[in-house]
Structures are given as structure tokens and as C-alpha cells.
Amino acid sequence: GTLTWFNSLLGFHRVKMKTPTKELNQVKVPAKILVADVKDVLESGVSTEKQEYLLKLLILSLIYLLAFSTRLFSVLRYESVIHEFDPYFNYRSTKYLVNEGIYNFLNWFDQSAWYPLGRIVGGTIYPGLMATAAAVYWVLHAVNITVDIRNVCVLLAPWFASNTAMVTYLFAKEIKDESAGLIAAAFIAIVPGYISRSVAGSYDNEGIAIFALILTYYLWVKAVKTGSLFWSAACSLAYFYMVSAWGGYVFIINLIPLYVLVMLLTGRYSSRLYTAYCTLYVLGTLLAMQITFVGFQPVQSSEHMAAFGTFGILQLFGAFNWVRSHMTPENFSRFFKTTLLAILAIAFAGFAIGVATGYISPWTGRFYSLFDPTWAKENIPIIASVSEHQPTTWASFFFDLHILTFLFPAGMYFCFSKLTDANIFLIIYGITAVYFAGVMVRLMLVLAPVACVLGAYAVSCTLQTYAKHLKKPNPVVVSASTSKRAVTVAQALPVQRELGAIMLSGIGIMLVLYAFHCTWVTSEAYSSPSIVLAARQHDGSRLIFDDFREAYRWLGQNTPDDARIMSWWDYGYQISAMGNRTVLVDNNTWNNSHIAQVGKAMASPEDKAYEIMRALDVDYVLVIFGGLTGYASDDINKFLWMVRIAGSTDPNIIESNYYTPRGEFRIDKEGAPAMLNCLMYKLCYYRFSEVYTEQGRAPGYDRVRNAEIGNKGFKLEYLEEAFTSQHWLVRVYKVKTPDNRGGIVNL
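Per chain, residue numbering runs from 1 following the sequence as it is written. Predicted model: local features are reported for residues with pLDDT of at least 70 only, side-chain atom pairs are reported and counted for 80 or more only, and whole-chain, interface and lining totals are derived from all residues. Values shown for side chains rest on all heavy atoms present in the structure; no hydrogens or waters enter the calculation.

A. Quick look at the overall build of the protein chain. A tally of helices and strands in the protein chain yields 33 helices and 11 strands. The classification of residues rests on relative accessible area computed with a 1.4 Å probe and restricted to protein chains. Under 20% of the type maximum is buried, over 50% is exposed, and intermediate values are partly exposed. Residues counted as buried form 48% of the 747 residues belonging to the protein chain. Every residue pair with non-hydrogen atoms within 4.5 Å of one another is taken to be in contact. Within the protein chain, counting contacts between residues at least 6 apart in sequence, those at least 24 apart form 71% of the total. Only the protein chains shown count as cover for residues, and the accessible areas themselves come from Shrake-Rupley with a 1.4 Å probe. Carbon and sulfur atoms make up 61% of the accessible area of the protein chain, which amounts to about 36,800 Å² in all. Put simply, DSSP marks the helices as runs of H or I at least four residues long and the strands as runs of E at least two long, and each gets a number from the N terminus on.

B. Looking closely at the packing of aromatic side chains. Within 6.5 Å between ring centres, the rings of Phe, Tyr and Trp (the latter by its six-membered ring) count as paired, and their orientation is classed by plane angle as stacked under 30 degrees, edge-to-face over 60, tilted in between. Counted by the stated rule, this structure contains 39 aromatic pairs. Residues F548 and Y631 carry aromatic rings whose centres are separated by 6.2 Å and whose planes lie at 75° to one another, so their mutual orientation is edge-to-face. Taken together, the residues F548 in helix α27 (residues 547-558) and Y631 in the loop between β7 (620-624) and α31 (635-647) connect sequence positions 83 residues apart. One exposure class covers both F548 and Y631, and it is buried. Here a set of aromatic residues connected by ring pairs shows up, and it is made of Y217, W220, F251, Y259, Y277, Y281, F311, F425, Y429, Y435 and F436.

C. Highlighting the confidence of the model for the protein chain. Residues at a pLDDT of 70 or more form 89% of the protein chain, whose mean pLDDT is 86. Residue-level confidence of the predictor is summarised by pLDDT, bounded by 0 at the bottom and 100 at the top. Taken element by element, the protein chain is modelled with least confidence in helix α1 (residues 2-17), mean pLDDT 37, and with most confidence in β7, mean pLDDT 97. Across residues 1-36, confidence stays below pLDDT 50; counting only partners more than four residues off in sequence or on other chains, it has 13 contacts. This model gives residues 743-747 a pLDDT under 50, and the stretch forms zero contacts once residues within four places in sequence are excluded.

D. Just the nonpolar core, in detail. Only buried Ala, Val, Leu, Ile, Met, Phe, Trp, Tyr and Cys residues count toward a nonpolar core, and they belong to the same one when joined by side-chain atoms within 4.5 Å. With 211 residues, the main nonpolar core has F171, Y217, W220, Y259, Y429, V621 and Y685 as its most contacted residues. Those residues within four positions of Y217 in sequence are excluded, and the remaining contacts are F171, F251, I252, L255, I256, F425 and Y429.

E. A nonpolar patch on the surface, seen in detail. Exposure above 30% relative accessible area and no salt bridge define the residues that can form patches, which grow by joining like charges within 9 Å and nonpolar side chains of Val, Leu, Ile, Met, Phe, Trp and Tyr within 5 Å. Counted as salt bridges are all cases of a side-chain nitrogen of Lys or Arg within 4 Å of a carboxyl oxygen of Asp or Glu. A cluster of nonpolar side chains, contributed by Y53, L54 and L57, occupies part of the molecular surface with about 330 Å² of accessible area. Its place among the elements puts L54 in helix α4 (residues 45-69).

F. Looking closely at the sheet that holds strand β10 (residues 719-724). The rule for pairing is simple: two strands pair if DSSP sees at least two bridges between them. Read across the open sheet, the five strands follow the order β6-β5-β7-β11-β10; overall the sheet is mixed. Every interior strand has two partners, whereas the edge strands, β6 (582-583) and β10, have only one. Pairing between β10 and strand β11 (residues 730-735): five bridges, direction antiparallel. Note on β11: the bridge partner recorded for E721 is Y733.

G. A look at α31. Taking 1.5 Å per residue as the helical rise, α31 with its 13 residues ought to reach 18 Å, and the 17 Å between its terminal C-alpha atoms agrees with that figure. The axis of α31 is deflected most strongly, by about 25°, at W641. Most of α31 is tucked away: 11 of the 13 residues are buried. Buried within α31 are the following residues: D635, I636, K638, F639, L640, W641, M642, V643, R644, I645 and A646. Given a helix with a known number of residues, its expected span is that number minus one, times 1.5 Å. Each residue is assigned a bend, namely the angle between axes fitted to the seven residues that terminate at it and the seven residues that start at it.

H. Layout of helix α12 (residues 206-226). Here α12 is 21 residues long and its end C-alpha atoms lie 30 Å apart, about the 30 Å a rise of 1.5 Å per residue gives. With 18 of 21 residues buried, α12 is to be regarded as a mostly interior element. The positive-phi residue at the C-terminal boundary of α12 is G227, with phi of around 65°.

I. Spotlight on the environment of A551. Note that A551 resides in helix α27. Owing to a relative accessible area of 0%, A551 belongs among the buried residues under this scheme. In this structure the C-alpha to C-alpha distance between A551 and M578, which are 27 residues apart in sequence, comes to 9.5 Å. Beyond its immediate chain neighbours, meaning those up to four positions away, A551 contacts F723 and V730.

J. Broad picture of the environment of N637. The residue N637 is located in helix α31 in this model. Residue classification places N637 among the partly exposed positions, given a relative accessible area of 39%. When the C-alpha positions of N637 and V704 are compared, they lie 9.0 Å apart, and in sequence the two are 67 residues distant. Setting aside anything within four residues of it in sequence, one finds N637 in contact with A632, V704 and R705. As used in this structure description, the phrase polar contact means that two N or O atoms lie within 3.5 Å; if the pair is within protein, one of them must be able to donate a hydrogen and the other to accept it, and residues adjacent in sequence are counted only when both atoms belong to side chains. At 3.0 Å, the side chain of N637 and the side chain of R705 are in polar contact.

K. Molecular detail of the state of the cysteines. Two cysteine sulfur atoms make up a disulfide if the distance between them is within 2.5 Å. Applying the stated criterion across every chain yields a total of zero disulfides. Free of any disulfide, C684 has its nearest neighbouring cysteine sulfur in C678, separated by 8.5 Å.

L. Up close: the pairing of strand β4 (residues 542-545). Here strand β3 (residues 533-536) runs beside β4; their pairing, made up of four bridges, is antiparallel. Across the sheet, A534 pairs through a bridge with I544, a residue of β4. Two successive antiparallel strands, β3 and β4, enclose a turn made up of five residues, where G540 displays a positive phi of approximately 90°.

M. Examining the pattern of salt bridges more closely. This model, assessed by the stated rule, comprises 32 salt bridges. We note a salt bridge from R687 to E690, for which the minimum N-O separation is 3.9 Å. Of the residues examined, R687 reaches a relative accessible area of 30% and is grouped as partly exposed. When salt bridges with common partners are traced through the structure, they connect R662, E664, R666, D668 and E670 into a single cluster.

N. Region of interest: the packing of helix α9 (residues 149-175) against helix α10 (residues 178-190). Viewed as axis vectors pointing N to C, α9 and α10 meet at an angle of 150°, and their least axial separation amounts to 7 Å. Classified by the interaxial angle, the pair formed by α9 and α10 is roughly antiparallel. Seen along the crossing, α9 lies across α10 with a hand that is right-handed. Residue-level contacts link T164, A165, T168, Y169, A172 and K173 of α9 to E178, A180, G181, L182, A184, A185 and I188 of α10. Only the stretch in contact is used when a helix axis is fitted, and all axes are lines through C-alpha atoms; the angle between N-to-C directions ranges over 0 to 180 degrees. When describing relative orientation, an angle under 35 degrees is termed roughly parallel and one over 145 degrees roughly antiparallel, while 65 to 115 degrees is termed roughly perpendicular and anything else oblique. If you view the pair so one helix is near and one far, a crossing is left-handed when the near helix is turned anticlockwise from the far one by less than a right angle, and right-handed when it is turned clockwise.

O. A look at unusual backbone geometry. The linkage connecting Y115 with the following residue, P116, adopts the cis geometry, with an omega of 0°. Mapped onto the elements of the fold, P116 is located in the loop between β1 (109-110) and β2 (119-120). With phi around 65°, N144 is a residue other than glycine that occupies positive phi space. Note on placement: N144 falls in the loop between α8 (128-142) and α9. The exposed category is assigned to N144, whose relative accessible area is 68%. With phi around 55°, N580 is a residue other than glycine that occupies positive phi space. Relative to the helices and strands, N580 is located in the loop between α28 (572-579) and β6.

Put into C-alpha cells, the structure is as follows:
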């Protein structure tokens, strides 16, 4: 191999010197010259490119492994378990898809949900997540890798997080260069804002949706740059996958039209933009309508009208450009004004008729809440009751983004300093994402990717600027012809080297702190499944609370198969998936009035609640209580939302009745009578007055509310205690059957 390489080297020099081979063979080449030539080839561009390629491949491989492995804390600590609430429905649906097939899945009517209404599952979900997990499961089994579907669901989000890092590399590379792409991939691999929805066990739609989001944006930028139908069609396919995965696809179909309008207003229109958008809109809309849950929304709902309007504006813009090339400026001006006014009048009339007739559906409650955070609390309390729909605090921004909070505006500055089509898209994405993330904490997930790209943009530009100062300056020979400015610059180089070293060291320290912060947040905050709780003991060891699975297992083994369980909607998916029992409400929250009936029962006295439960055929009632362990996310702390939701349908349920005269929500002796005698209070605090929770405190001391309960020693008349978990976190009560109206008369 060495001889072959040297022969090729000599051949290279023969061609370069244009010397005949025989003459060259007769020439004796000194060893020093030969070594110098070999050194030149080793330092040539070809060798450097190969080294850079291998180094880049190594870095991307490490990032891929890092993105996957950093999300495995929960599996190592708590075993392979599904997290949170919604993922349990997704897991249950995926098992149904794997066992029953795609046809039965799309036509699945679930009788055990929303009793007595039921739910058409296939027509009310985004099936992308389930289809992806099922496809992975079938592929693994096709190659004889036997793995349980639960483990596929648990590890799907970490795997897609690794894929997201690779797509982010391509996205940032398309916008700036490879260095920015590598930094962006490293950022997003461990950023807490994305890890919160992609740890092992977080089997939710967002686990694959962020991958589809960034892939769509990457292909969109590629399509606008090239004007290629191929990249535009590929962008449409990525958009279709996003539509199948998550309702957040509406962000894409509104952001891209906004970008197109900005390009038109700033005079950056091109045929490439026309080709990319028209292909995406037409093909993407047709594909999106194939999702049953989406249906005709892309052409009927208000959320999609911006995309349709932009499509029409592009057609008009192209038509006017063509007409202008065939008319004089004076005639075109009159034609333009007349035609534009007529088209605007027709469009406005058509939109008004569509809204009036109901063809164009109004904006949804979640859409309104994005522009007015207080709207949901006043109009649809169930939306405001969800914690992830609350506005984002400044602490949450730093907690989920860390140094990206400061690198974000720096990246914006560098984008504005060099406006290109791709940079304008990144700017619009960043501005809209930071607004929506501020309105709703859940949308921090949309901000995290663009924050990583903008942060990488800023770091890359800074490194490229100051890394040049570290190079050894060439000595300057002062002569009569040397200008005074050249001497000044040469003397300033040592200071620039020191400044460059300080800046690079500072960036290095920030990146190290970012890595430590992300690892700590992932380990301590985002790797604890809500189904299994943990606490630190005095010696630092972990104490595990497995009450939820204990209670759901009890339900599945000790209640009739057709038993109907009433609980607050948060726990519906878990009861269905783990307890395999029928529930009245669950996390789908599609029927506000049905949820309000459950809230009304919880907020009513026991006798009135019994009438509601009998009307709903309730067999068991399940409540979550944290007064013994200090678990703050229990039903007492959620109770006021139950009152508000119940009051939205029944004016007799008034929130102020559950406050003290001073406007306080209390559970002690000073609590409101309506609170101390409602069903929720009794189910949570039944027999709690017999329990000592803390040393030096009276029995019945609530460790969450830090108060001694005010109503003690009461008895239940219409319900009886059926099960209480080890740490009192889950309590189950059986609804008594009514007494016979009369005895049997012997004739």
C-alpha cells in the first residue's frame, strides 16, 4: 500500500511537471525533496477534507449517543415505565393497533371511555405516534428482534431526540454553516426545554412532533433556496407527518405563510418562493386532509385561512407581474387599483358568508387563549385548569434554556446583520416562538429548537471572529515604506490575542455550565414519572411511593369487569390503561358538560352527590390525597377548578361559597361550610383525624395545606371505603346501592 501511494505520488508530480516517464526515472530525486513533497501532500486540501469529515462524523455520532443516553435516567431509577397521564392512552392505543391491525384501529369505538357516551378513538386522535411505534415494533420483529411493545413506547422519544439532533444539524447548516450545525445539534441534544417531553417513558405526541417540525423547516429552507419541486414535495411529506403526529402543525401552516408575506412586503419575491409555497400548500393540504381527525379543517377552519389567503395573494402577485409586462405604467396603475379593490371586496364577502353560514368554523378556545391568556379562565375554565396552559415565568425560561436565554438575542443580532432568505425565516420563527412560549408554558417546546439554532449561530460567529486572533502574528519589518497604521495594527495584535483567549475561555466556561445544568435538570426535574413518586430521606436515600400502580392494580383485581369509576379527568387514562375499567371522564376533555357533572358531584354535599352518581351509574369513586405524604398535586388543590368548571354549566355552583368571608380557601375550622361538607372533602379526609402525620402536631394535620382539618369524626352515609393505598395517596370508595323501598308481603 505504501509503494502504491508513493507511485501515485510520483505520477502526480510527473503530470504536474509534464516530464516524460523515462526521463523522470533517470533523474535522481534527493531525499529531502521527496520528504518535502510527501509533507505537502499530507497537508494538502484532500487530506484535510477527509480529516474534517471524519471528525464531523465522530462528533455527530457522539451527539447522537448523548441525546439518547441522557434521557435514560428514569429507566435506570424506576424501571421501564410509561410517564404522566396522556402517554397511557397512547400506549393503550398502540397495543390495540399492534394486536388488532390498522383497519380496526381506525374504526375503534371505545365503550370504556366517557361512560355512557363512549369515544370514537380512530377519528379523534392524531395517529402518527401510534403508527410510528407500531412500525418500529413490526420491523424489529421482522428481523427476529423480539421486544415488548411497552419498551418500544418507552424508548421511542429518546430515539427520536437523537434523530432531532441530526435534523437540527442540517437545519442550522442550511442557514449558516457546518460549525453552527454541530453546535446546534449539541445544544438541542441536552436542552431541558426539549428533554421535558422526550425522556424515556414520555410516550406523547411531542416526542416525535419536534423531529417532524424541524424536518419540515429544514426542507422548507432548502426548497426556498433551490426552488426545486423535489425539495418542496419532500417538505410537504414532512408536513404530512407533522399533521399526523401533533395538533401543533397549525404553527407551521401559519408561520410559513407569515414568512411568505414578509418576503413579499420586503421585495424579496422570487420564482423559487412561488414554487416552494404553492407546492407545499397544495400537496400538504391534500395530504393533511387524509388524517381523519383533521378532515376538512385545512379548508374550513379559521386557523388555516391565513395559509389559503397567502396562496391566493401569491397567485395575484404573479398575475399582476405578468400583466404589468404587457401594459403601459399608466394603464397598469388603473387596472391594478380597480382589480385589487374588486378582489378584496369579493374575498371579504366570501369570508363573511362562510363564517355566517358556519362553513368556516371559528377559532378554538386554545387559539383565543394564545392571544389573551385570561380568556380561557373566564370562558372555558377547563383549558385554564391545565398546568401546562399557564403563562411562562422568567424562571422557567432560564430553567429550560439556561445560557440560550442570552444567546438567543445575540443570534438574532447576527441574523439581522446579514439578512438572507434563510436568516429572515429564522428571525420570524424566533420572534413568534418566544411570544407563544411566553403565553403558554407548554409551547416552550416550540421555542427550544429555534433557541438552540440561534444560540449556535451566535456561538459560531463569535468563535470564528475571535479564533483568528489566536493565530501567531507574522513579524512586521519596519522600513521607510511601512505605514504608521500598519505598525499600529501589528502592535495591537498581542492585545487582540489576549482578548480572543478571554472570549473563547468565557464561551467554553458557559458551555460547560450549560452541560452541567442540563444534566442536573434532566436528572432531578424531568426524569421522575408521575406514576411513581420519590422523596429524599434524612440519610439522602430515595423513598419510593408506588401508590398509584398499587391502586390501579387493586381496581383491576377486586372490582367487577364492568365497574364504572368516577374520578377527576386527570386520572382517566391511567385507570383505563392500568386498571382496565370504565371511566366517566378522561384526559381527552372533549365534553365540558360531562366533566362539569363530575365536578358538581365532587363539590356537592354527600346526599346531592349521591343522586348525581346514581344518575351516572357510578360504582366506585377514586380520589387522590396528599395530606399524609405532602404530595401537593392532589385533588384538594385541584378542587377549585372542579368548582369553576361545574359552575360554567350550573349557576347554582358558586365559587365564592367555598371561600371564607375573608376570601380564603381553607380546610381548617375556619373553612367555609360548603367546603367542609362537600363530597371531595369527606372522601379525602375520611378517618384522617385518626392519623398522626407530624411529631408535635394534632391528629389530622394536613402536611400540604399546613393546617389541622376542621371537620373531624364524620361518617359516610352513601359511600363506603373500599381501598386506601399504603401512603394514603389513592383512596377508593364504593357507592352503596339504594335500600329496598319495601319488604316482601306474604299472602
